[in-house]
Amino acid sequence: MLIPLILSGGSGTRLWPVSRKNLPKQFLSLTSDDTLFQQTVKRSLLLPDSAAPIVVASDEHRFLAAEQLQELKVSGASILLEPMARNTAPAIAVGALQAIARDPDAVLLVLPSDHLIGDDALFAGAVAHALPLARDGWLVTFGIRPDRAETGFGYIQRGEVLGDHAFRINQFVEKPQLDVAERYVASNNFDWNSGMFMFRASRYLEELGTHAPAMLDAARAAFESANTDLDFVRLDAHAFSAAPSDSIDYAVMEKTTRAAVVPVSCGWSDVGSWEALWLSTERDANDNRLEGDVIALDTRSSLVRSHDRHLVATVGLDNIVVVTTPDATLVARRDASQDVKKIVDALKAADRSEHELHRVVRRPWGSYDSLESGDRFQVKRIVVKPGAALSLQMHHHRAEHWIVVKGVAEVTCDDKVFLLAENQSTYLPLGSRHRLRNPGKVPVELIEVQSGSYLGEDDIVRYDDVYGRA
């Protein structure tokens, strides 16, 4: 059985301000209507004899992953929740344990969820070349044939021929200087390290036990002590925290004697910067990538992305990135876009929230948009999905007014339960136990006006919650 193992971590720093900690790039629609995560899932399911995927995600992204799988109507998927980030090697270990529980002879196809592949057919061909090697006990990675000297990627040197389009790995090289990268490309004997792998789940655990036994012990303990929460498998936090944080490259691939590479040219990109996105997408006659409501005059070789109906106009720009969101705007040289993460670091240092949350915050029940705030008040637009409900909750420091503008809402306030239709409103006193539910088949939209001495999101006491947050 071929089981895709989709790694869905990420800190949301590289494509800021669109990507953020609570909405990293894999859950964004950057090149099509599908998100990068959904493109990865669909690509894996097109492969012959491919089973439902295993997803390893962070706890805070669990509902994003589940919802996007539901949108694709994928059934039978497993979602393993990491209580903290420990890099790729432990994540793959728990995924391998889950795969073996399904099939002791399972072959894993390990895929980062935030990569872009332009030619699915060529990628499927590379998977077909790798499969016999994986079944024969090799640990296979996919090397991307370089089309330029790139200092932001690791490289793999090909060694002896192992079979059809496959080679033994001579060495891994970590992000070389430009002159070295130019020599690698000219030699035609090096490939970019894609971070995609294929091997039998049991073989990976065998190699991990040899080269990183403490990591395997921690992953196994976390998996064996995991508990089921709704559709998720929660790894044991105490056990998983004992796992050393390391990548599969350092922990296993650079140490095993049976590492192989299958080179492929499939329009791959790790979408690691705005420049990488610019390089990977179609551009107009002026070499521009324009998205949204944009007027670009005398502008060349640039990426300009406007949010929603917000007009962005440029004049006389060259090699520039302009990206807007409701609460932040990025302007940078395109060739400096790798340094966007420095802005995220500055936001963290200043204790600002723009690195973590968008103005529109997604929740398992829907979303809220913080429209306006001031001293002792805040105004939000809340959207609740059909059949969804917020937790039964109470606030110590604020009261709330709800005005329904679309749909019909069911409101619980202490011992009263009643319906609010469009243009109707209610008042929820400070300290009241209250809940909002959408009993209908269309989204409910309402305006919430908060007033009080403290309006932070952490002023919530949850008594009951269908999403397990109480």
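Keep in mind it's a predicted model, so treat the numbers as computed, not measured.

Colleague: Just checking my understanding: could you explain the overall build of the protein for this structure?
Modeller: Each helix and strand counted, the protein has eleven helices and 30 strands in total. Relative to the 2.2 N^0.38 estimate, which gives 23 Å for 470 residues, the radius of gyration of the protein is 24 Å and therefore close to what a compact globule would have. When its C-alpha atoms are laid out on the principal axes, the protein stretches across 75 × 60 × 40 Å. The proportion of buried residues among the 470 residues of the protein is 53%. Counting only contacts in the protein whose residues sit at least 6 apart along the sequence, the fraction spanning at least 24 positions is 68%. Of the accessible surface of the protein, which amounts to about 20,800 Å², a share of 48% is contributed by carbon and sulfur atoms.

Colleague: Any chance you could explain the sheet that holds strand S18 (residues 320-324) here in plain terms?
Modeller: Hydrogen bonds along the backbone pair up the strands of a sheet, which may run parallel or antiparallel. Reading across from one edge, S14-S16-S18-S19 is the order of the four strands in this open sheet, with mixed pairing throughout. Each end of this open sheet is capped by a strand with a single partner; those strands are strand S14 (289-291) and strand S19 (329-333). Strand-to-strand twist across the sheet, computed as the mean angle between neighbouring axes with direction ignored, equals 5°. Taken together, the three bridges between S14 and strand S16 (residues 303-305) define a ladder with parallel strand orientation. Within S16, the residue paired with Leu290 across the bridge is Val304.

Colleague: Could you clarify how one ought to interpret the UniProt feature "domain: Nucleotidyl transferase" (unreviewed entry) in the protein in this entry?
Modeller: The UniProt entry lists residues 4-283 under the feature "domain: Nucleotidyl transferase" (unreviewed entry), expressed in the numbering used here. Taken as a whole, residues 4-283 contains 36% helix and 25% strand, while its terminal C-alpha atoms sit 32 Å from one another.

Colleague: So what exactly am I meant to see when it comes to the environment of Ala130 here?
Modeller: Within the secondary structure, Ala130 sits in helix H4 (residues 120-135). In the structure, Ala130 is positioned 33 residues away from Gly163 in sequence and 9.5 Å away in space, judged by C-alpha atoms. Contact partners of Ala130, with chain neighbours within four places excluded, come to Val140, Phe142, Met198 and Val262.

Colleague: Looking at this structure, I do not really get the environment of Ala96. What am I missing?
Modeller: If you trace the backbone, Ala96 turns up in helix H3 (residues 88-102). A residue is classified by how much of its surface remains accessible, and Ala96, at 0% relative accessible area, is buried. Spatially, the C-alpha atom of Ala96 lies 10.0 Å from that of Arg220, the residues being 124 residues apart in sequence.

Colleague: It is not clear to me how the pairing of strand S27 (residues 425-428) should be interpreted in this structure. Could you clarify?
Modeller: The two faces of a sheet get side chains in turn, since along a regular strand they alternate between them. Only one face of S27 is covered, namely the one carrying Thr426 and Leu428; the face carrying Ser425 and Tyr427 has none of its residues buried. Note that strand S24 (residues 398-406) and S27 share four bridges and pair antiparallel. Within the sheet, the bridge partner assigned to Trp402 lies in S27 and is Thr426.

Colleague: It is not clear to me how the nonpolar core should be interpreted in this structure. Could you clarify?
Modeller: The tendency in soluble globular proteins is for nonpolar side chains to be buried side by side. In terms of nonpolar packing, the biggest core is built from 54 residues, with Phe37, Trp274, Leu330, Trp365, Val384 and Leu436 touching the most fellow members. Setting aside its immediate chain neighbours within four residues, Leu330 contacts Trp16, Pro17, Trp274, Val321, Val322, Val323, Val340 and Ile343. Listed in part, the 45 residues of the second largest apolar core include Ala89, Val94, Ile169 and Phe172.

Colleague: For this particular structure, what's the right way to read the packing of aromatic side chains?
Modeller: Each aromatic ring pair is described using two quantities: the centre-to-centre distance and the angle formed by the ring planes. Overall, the coordinates contain ten aromatic pairs when judged by the stated rule. Relative to Phe232, the ring of Phe63 has its centre 5.6 Å away and its plane inclined at 85°; by these criteria the two rings are edge-to-face. One end of the pair, Phe63, is in helix H2 (residues 62-71); the other, Phe232, is in strand S11 (residues 232-234), with 169 residues separating them in the sequence. When sorted by exposure, Phe63 lands in the same class as Phe232, which is buried. One Lys or Arg, Arg334, reaches over the ring of Trp278 and ends 3.6 Å from the middle of that ring. One cation-aromatic arrangement involves Lys380 over Tyr368; the distance from NZ or CZ to the ring centre is 4.0 Å.

Colleague: Before we go on, may I ask you to explain unusual backbone geometry in this structure?
Modeller: The general pattern is negative phi for most residues beyond glycine and trans for most peptide bonds. Along the chain, Trp16 connects to Pro17 via a cis peptide bond; the corresponding omega equals 10°. Along the polypeptide, Pro17 turns up in the loop between strand S1 (2-8) and helix H1 (36-45). Positive phi values are uncommon outside glycine, yet Lys175 reaches one of about 30°. Topologically, Lys175 is positioned in the loop between strand S8 (166-173) and helix H5 (178-187). For Asp414, which is not a glycine, the phi torsion comes out positive at approximately 55°.

Colleague: How do you make sense of the pattern of salt bridges when you look at a structure like this?
Modeller: For side chains bearing opposite charge, pairing can occur when the charged atoms are close. On inspection of all chains with the given rule, the structure shows 32 salt bridges. As a salt-bridge pair, Glu207 and Arg203 come within 2.8 Å of each other at their nearest N and O atoms. Here Glu207 and its partner Arg203 are both found in helix H6 (residues 201-211), four residues apart, which amounts to about one turn of the helix. Comparing Glu207 with Arg203, the two get one shared label, buried.

Colleague: What's the story with the sheet that holds strand S29 (residues 444-452) in this structure? I'm lost.
Modeller: An order of S20-S21-S22-S29-S24-S27 is seen for the six strands of this open sheet, with the pairing classed as antiparallel. Edge positions in the sheet fall to strand S20 (360-363) and S27, since each has one partner strand and no second. Recorded for the sheet is a direction-independent mean angle of 20° between the axes of neighbouring strands. As paired strands, strand S22 (residues 377-384) and S29 are joined by eight bridges and run antiparallel to one another. Note that in S29 the partner of Phe377 across the bridge is Ser451.

What counts as what
- Residues numbered from 1 in each chain as written.
- Predicted model: local features only at pLDDT ≥ 70, side-chain atom pairs only at ≥ 80, totals over all residues.
- Heavy atoms only, no water.
- Helix = DSSP H or I, 4+ residues; strand = E, 2+ residues; numbered from the N terminus.
- Rg over C-alpha atoms; globule rule 2.2 N^0.38 Å.
- Buried < 20%, exposed > 50% of the residue type's maximum accessible area, 1.4 Å probe, protein only.
- Contact = heavy atoms within 4.5 Å.
- Areas by Shrake-Rupley, 256 points an atom, 1.4 Å probe, with all protein chains shown as cover.
- Pairing = 2+ DSSP bridges.
- Axes fitted to C-alpha atoms, helices over the stretch in contact; angles between N-to-C directions.
- UniProt positions renumbered as here; feature names shortened; annotations may be inferred.
- Core = buried A, V, L, I, M, F, W, Y, C linked by side-chain atoms within 4.5 Å.
- Phe/Tyr/Trp six-rings, centres within 6.5 Å; stacked < 30°, edge-to-face > 60°.
- Lys NZ or Arg CZ within 6 Å of the ring centre and 35° of its normal.
- Salt bridge = Lys/Arg side-chain N within 4 Å of Asp/Glu carboxyl O.

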